[in-house]
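Chain by chain, the residues run as shown.
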Amino acid sequence: MNTKEVIAQHDKYVMCTYTRIPTVIVKGKGLKVWDLDGNEYLDFFPGWAVTGLGHCHPKVISAVRNHLKKIIHVSNNYYNVLQAKLAQKIIENSFEGKVFFCNSGAEANEGAIKLARAYGNARGGRNEIITMENSFHGRTLATITATAQPKYQKGFEPLPLGFKYVAFNDLKAIENAITDKTIAIMLEPIQGEGGINVAGESYIKSLRELCDKKDLVLIFDEVQTGVGRTGKMFCFEHYGITPDVMTLAKALGGGLPIGAMVAGKKFADILKPGMHASTFGGSPIACSAALAVFEAIQKEKLLSNTVKMGGYLSEKLDELKKKKPIMKEIRGKGLMLGIELTIPGKEIVEKCFKERLLINCTHDKVLRIMPGMIVTKKQIDKAVEILDKVMT
Ligand SMILES: *Cc1c(COP(=O)(O)O)cnc(C)c1O
């Protein structure tokens, strides 16, 4: 089948819930992907941050291949070697506590919401959760409600109760919103979908103090920022605090679907047998891939590469900004960078695509640039050269 035929078949049989770029991607290696017509692209937005190690990382492939031969699925009414190993790996790299495994970011956040409610309802019916304007937490009913952006909610009413929204990075707003019904504060340390908005350091520290003082659960949605993206294994490490609950997905499985909800010691045993579950959660194959991701990050020193290349990329973008009045601001940490423009970014993304560079635009005016952690200077130079060319 050729590109046109695949697209026709797709449009006929697959629900059109996405605005797709009209190309069929069939192969990937590192930061490169190829379409059905053999065109090669430089991927600076790999699968919405899923492919953090680049496409088809050899360690992920061999781990998955080895385990496929043993067993593909182990039901969660038995013990599972790789789940235990991966949970230990996540805990050793984050904070003392326990992990619940699922398959996606939304599902990890649902788990966090349920955990917070279970904790709070047992404390005099405290079940209200405060989330941030311009956040993004997923597409299930509870997570679109946590996502304080009307465009994701419209048409799906009635929405679950118990969510309250405040402005991001505004401590006063949160202080004013807390009542004796409040049980949790949930936020992304860097808002991804919302336009690469970075939480301030003193803001996060104050949130931590506030949660300690008022017995609130501090939930970090690290679905996009987690697993190396910002130059630390987890973004909370930049702030010198630990959250009570952290959710992960995207890059965790090196391309395979896996999500995790990590709860600190105080919250690790709130969810008891029968209270929460996920049939596929923590499948041996997904766990083997995630273990390979941690191994690759450590053995290949990818955190330090992320810091170095993130610095290099933002320097290059700063230089470019001097020549391009449409570039208003560059924000982010590590290899999670956003360029706020004075104009809508859609056309620039399309032009980059024609030049065989894949990037993304979010929140209308913010170009999102998140190459895999294995990116090289040469690839960054190439990407910046293309951006320079298309922004004229
Ligand atoms: C992508 C994303 C989600 C949703 O993850 P899914 O795997 O699509 O359900 C949740 N939170 C953040 C911050 C995300 O970037």
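Scoring rules and cut-offs
- Throughout this document, residue positions are counted from 1 along each chain, in the order its sequence is written.
- In view of the model being predicted, local features appear only for residues whose pLDDT reaches at least 70, and side-chain atom pairs are presented and counted only at 80 or more, with totals across whole chains, interfaces and linings using the full set of residues.
- Derived side-chain values reflect all non-hydrogen atoms in the structure, with water molecules and hydrogen atoms excluded from consideration.
- Ring geometry is summarised as follows: Phe, Tyr and Trp rings, the Trp one being its six-membered ring, pair when their centres sit within 6.5 Å, and such pairs are stacked at plane angles under 30 degrees, edge-to-face over 60 and tilted between the two.
- Helix and strand assignments come from DSSP, with helices taken as H or I runs of at least 4 residues and strands as E runs of at least 2, each series counted from the N terminus.
- Burial classes follow relative accessibility: with a 1.4 Å probe on protein chains only, a residue under 20% of its type's maximum area counts as buried, one over 50% as exposed, and anything between as partly exposed.
- A side-chain nitrogen of Lys or Arg and a carboxyl oxygen of Asp or Glu constitute a salt bridge if their distance falls within 4 Å.
- Whether a residue is near a molecule or strand is decided by its heavy atoms; if any one of them lies within 4 Å of it, the residue is near.
- Two N or O atoms form a polar contact when they lie within 3.5 Å of each other; inside protein one atom must be a possible hydrogen donor and the other a possible acceptor, and for residues adjacent in sequence the pair counts only when both atoms belong to side chains.
- Accessible areas in this description were obtained via Shrake-Rupley with a 1.4 Å probe; residue shielding takes into account the shown protein chains only.
- Classes in brief: Ala, Val, Leu, Ile, Met, Phe, Trp, Tyr, Cys and Pro nonpolar; Asp, Glu, Lys and Arg charged; the others, Gly included, polar.

A. Broad picture of the packing of aromatic side chains. With the rule as written, the count across this model stands at seven aromatic pairs. On the numbers, 6.2 Å between centres and 75 degrees between planes, the contact of Phe-168 with Tyr-203 is edge-to-face. Residue Phe-168 is found in the loop between β6 (163–166) and α7 (171–177), and its partner Tyr-203 is found in helix α8 (residues 201–214); the two are separated by 35 residues along the sequence. Assessed through its relative accessible area of 15%, Phe-168 is described here as buried. Taking the relative accessible area as the measure of exposure, Tyr-203 reaches 5% and is therefore buried.

B. The arrangement of unusual backbone geometry in detail. A cis amide bond links Glu-157 with the next residue in sequence, Pro-158, at an omega value of 0 degrees. Within the secondary structure, Pro-158 sits in the loop between α6 (150–153) and β6. Despite not being glycine, Ile-196 shows a phi value in the positive range, around 55 degrees. Counting through the fold element by element, Ile-196 comes out in the loop between β8 (190–191) and β9 (197–198).

C. Focus on the pattern of salt bridges. Applying the stated criterion across every chain, the model contains 23 salt bridges. Between Arg-123 and Asp-215 there is a salt bridge whose closest N-O contact spans 3.8 Å. You can see Arg-123 sitting in the loop between α4 (105–121) and β5 (128–132) and its partner Asp-215 sitting in the loop between α8 and β10 (217–221), a full 92 residues away along the chain. For Arg-123, a relative accessible area of 37% gives the class partly exposed. For Arg-126, the salt bridge identified is with Asp-215, shortest N-O distance 3.7 Å.

D. Representation of the site of the ligand in the model. Lining the immediate surroundings of the ligand are Ser-104, Gly-105, Ala-106, Asn-109, Phe-136, His-137, Gly-138, Glu-188, Asp-221, Val-223, Gln-224 and Lys-250. Within the contact set of the ligand, a nitrogen atom lies 3.2 Å away from a backbone nitrogen or oxygen of Phe-136. Within the contact set of the ligand, a nitrogen atom lies 2.7 Å away from a side-chain nitrogen or oxygen of Asp-221. When the ligand is considered free in solution it has 380 Å² of accessible area, and contact with the protein chains removes 81% of it. The element that contributes the greatest number of residues to the shell around the ligand is α4, accounting for three residues. Its residues assigned to classes, the shell around the ligand shows three nonpolar, six polar and three charged.

Shape descriptors only; they carry no functional weight alone.
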